[in-house]
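For reference, the chains in residue letters:
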Amino acid sequence: MPRKYLILLVSLLILVPVLLLAACKGAAGPQGSAGSPGPQGAAGPQGSAGPPGPQGPAGSIGPAGAQGPAGPPGPAATVAPPTAPPAPVVIDLGAAQTAQPGGSVTIAAKIAINDKSTQQAIRWTQTAGPKATLSGDTTDTLKVTLADAKTYRAELIKGLKLEDKFMVQPINPHALSGAEVATFEVAVTTSSGTYKKTVNVTATMPYEITTGLANVPQGVTVLLTGKAQASYDWAVTAPSASKATLSDAADRNPSFIPDVAGKYTLAEKKSGATFDVYAGTWVGAISGLNDKGRPVSAACTVCHNNTIAPDKFTAWKETGHAEIFTNNLNTSATYGEGCFTCHSVGFDKTVANGGFDDASDYAAFLNGGLLGKPNPKNYATMLQKFPKAAGLANIQCETCHGPNNSAAAHPGDNVPASARVSLAADVCGSCHGEPPRHGRFQQWEESKHAGTDTTPARGLTSASCARCHTGQGFLAWLKQGDLTKQLQGAKKADGTTANATAAELGTLYGITADKVQPITCAVCHDPHDVGTTTGEPTEATRATSARVRVMEVTALLPAGFQAKDVGKGALCITCHNTRNAIHGDDIAITSYSAPHTAAQGDVLMGQNAFFVERGARSPHASLVDTCVTCHMEASPPPAEFSYNLSGTNHSFEASTTICGTCHSSLFNGKAFQSGIADKEHELGEAMGAYLLKKAPAEFYVKDYTPHVSNNISVDTLSDALLIKKDQIASAFPEEPHGQQGFLIKLKAPVNVTYTPATGQTWTKHTVSMSELEVRLGDITTDGKTTAVFAYTDPLVKAGWNFFLIEGDGSKGVHNPAFSAEVLDATIKALK
């Protein structure tokens, strides 16, 4: 029998008797005594858990568990910065000092040697400023005797740009501070090396910042300037109560102090020139604030309401000029007197003439608990508690136009408006000429817009040039409305006009050698509508940033198109276009004219090219302010005239390094320009080859090269000259006097004769030349009018395209695809 069945049988034999005994059980009897315990049986099954018992004693510590995840970082521990080791040699020269010109100061050098080296030598030198006299320059104590007053005055004048006019000389902060400061350096040599330190000494000069207006504050030195001439003899006729006298009357730049209010007449006897200067005291205009927190003037707006006099106040009160003091007083913890010269009317603590610092409650204002404690209600509180000072705060009418308590305050028949109104950039430069914080005036001086040397030559005699090359002409042109016309002269009897003559430019527009202005601040910006913020605009401030006179859309331009949706660039494009009417393959050519050199607007908008479709607008034309975005906002200003490269760039020079701002950081703007420049050169060579291939074996030319003969400048056409084609070494496109042409280089010199026209003072002469500047229309078969290349010749279209892309000046950046297409198509057309 298997073992498992044997076990089962035994279990049954044991179980059955037990069951039988249970079934036969009777009534219970009395309990017997307990028997001795039997052997322990096997454990039964586990019962359910009972309720928890009381906590037992703590068990022993088990082994460490696995490391949990890192928790959040705790606060940074305070670590003391490492102590810098002392400099090997420390030099202390004390604070900067001041002195009168010709005066003396002593500078002591305290030298601490920390590296256990030994002092071997000490040497002082002057590194900047008018040359001073030094004594003790090899000791630790230097005595400095400053240069005399005349030397300091010469240093000031050297820093100013003198115009060839008789006028009040403007003085900007940069030039004045640069002339006043002399810098001295000490070099201490020890056995471990040479160590240097500098200190400044400022001369107290008798000059202040001035605008150049003929309406001046009483008590402030007026510096004058005259036309360049061999010698001078100045005199001043002053009001009867005045004791004013001229200093340096035999110099080009004398000066005087107007000591009483009134008219001072200046005369330079050798030239016969005279002009008037009006002196007065400051008044101030602000009498309160309106419900929007903008200034109110009870006195000015009585008349300046567009009924009695033009209302300039309404626009001005919305500008940043009207709130610069207000905002700083309300928000700045560091605002103080160092800012008041430009942020208030007439602040000058050296003289009492009614300015901000002369207000009867000015001292109380300084001690009134408002300065240095920002609060949005500070200026309102100032108006309430210190109304006299508050009335002279912010940049007001007098800041730009001179004192209102003056004979020139309201020009009439005897006082010209020019005494207190000027387009000159110097008016703005009196404040915006303080590098590095406010150096826009110096930035502008570096630009071509400031080109006073070229403006008169281009603008004084031409109604076409004057509209963009003179400030007065541009503003008159905008007011004229029809920009397709040149500046117009006086109306004729039938109501029509013609282009202004040179005389009319002077009589109608004030464009004369003595009055002409270049493209200044007020030409681009209306000073009464400058917006409320300056600097590089953000998306939030763009709507209120400094406005310009033409925005978003141009009028129909002389180049025959409009530029639309171009933001502030509309102002730039108004002048920066080809100005020679619309051009294209569908329009007949009637001249050999080249496009006007400033072709940037045409290229940006894809206009006025042959062999391509018109209107291929550049992606760069979709930037919010087009020209302004790259040339003024993205490109940093000159470092020496800006604080940490901040603010807009008024040198207008764009940098190719900014391309990576929008494109890949690996994009090389200069490399791109090189590619377009190579195409330009290829087209120029193709044009020269075309000319030499198509021209006859010999032909006539007239040279137009400017030159000097007997100390007289000659800039006119030569007599006709017959040349043989095999005499020519090369020909490359050139633009003589706005016409398409070529620079023709000869294998050997030829004699070129120039004959004066009627009225010209130079004499007939002959010059040996190996290079000729020749207009395309002056390449003839008869030396007169039979041109070798007709208007319909492809070379004429090619020439226009060449000068269009060259005149743009961006080497393709303004409109990359269009520029490349124009050059490629033109090269192809000449083959």
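Every value quoted in this text rests on a predicted model; they were computed, and no experiment measured them.

This part takes up the overall build of the protein. What the protein contains, in helices and strands, is 24 helices and 25 strands. Nonlocal contacts in the protein, meaning residues at least 24 apart in sequence, comprise 62% of its contacts between residues at least 6 apart. When the accessible surface of the protein is totalled, it reaches about 43,400 Å², and 56% of it is carbon and sulfur.

Gaps between atoms show up when a probe of the same size as a water molecule is rolled over them. Estimated volume of the second largest pocket: approximately 970 Å³. Lining the second largest pocket are 47 residues, with Glu208, Ile209, Thr210, Thr341 and Phe347 sitting closest to its centre. Here the element with the most residues in the lining of the second largest pocket is helix α3 (residues 173–180); it accounts for five residues. A class-by-class count of the residues in the lining of the second largest pocket yields 21 nonpolar, 19 polar and seven charged.

Turning our eyes to something else, we now look at the pattern of salt bridges. On inspection of all chains with the given rule, the structure shows 19 salt bridges. Here aspartate 137 and arginine 123 are joined by a salt bridge, their closest N and O atoms 3.7 Å apart. Taken together, the positions of aspartate 137 in the loop between β6 (133–135) and β7 (141–145) and arginine 123 in strand β5 (residues 119–128) put the pair 14 residues apart, joining distant regions of the chain. Aspartate 137 gets classed as partly exposed once you look at its relative accessible area, which sits at 22%.

In this section: the state of the cysteines. Defined simply, a disulfide is a covalent bond joining two cysteines at their sulfur atoms. Considering all chains together, one arrives at one disulfide under this definition. One disulfide in the model links cysteine 468 with cysteine 575; its S-S distance is 2.2 Å. Here cysteine 468 and cysteine 575 share a disulfide; its torsion about the S-S bond, -95°, makes the bridge left-handed. Residue cysteine 468 is found in helix α14 (residues 466–469), and its partner cysteine 575 is found in helix α18 (residues 569–575); the two are separated by 107 residues along the sequence.

Applying the stated criterion to the full structure yields one cavity of 30 Å³ or more. In this model, the largest cavity occupies a volume close to 30 Å³. Residue lining of the largest cavity: Tyr700, Val701, Lys702, Ala720, Gly777, Asp778, Thr780, Gly783 and Lys784, and that is the complete set. Of the residues assigned to the lining of the largest cavity, the class counts are three nonpolar, three polar and three charged.

Conventions we followed
Residues numbered from 1 in each chain as written. Predicted model: local features only at pLDDT ≥ 70, side-chain atom pairs only at ≥ 80, totals over all residues. Heavy atoms only, no water. Helix = DSSP H or I, 4+ residues; strand = E, 2+ residues; numbered from the N terminus. Contact = heavy atoms within 4.5 Å. Areas by Shrake-Rupley, 256 points an atom, 1.4 Å probe, with all protein chains shown as cover. 1 Å grid on protein atoms, 1.4 Å probe; cavity = no way out; pocket = protein on both sides within 12 Å on 5 of 7 lines; lining within 4 Å. Points joined across faces, edges and corners; volume = space filled by probe spheres on them. Nonpolar A, V, L, I, M, F, W, Y, C, P; charged D, E, K, R; others polar. Salt bridge = Lys/Arg side-chain N within 4 Å of Asp/Glu carboxyl O. Buried < 20%, exposed > 50% of the residue type's maximum accessible area, 1.4 Å probe, protein only. Disulfide = S-S within 2.5 Å.

Read these as layout, nothing more, since geometry by itself doesn't imply function.
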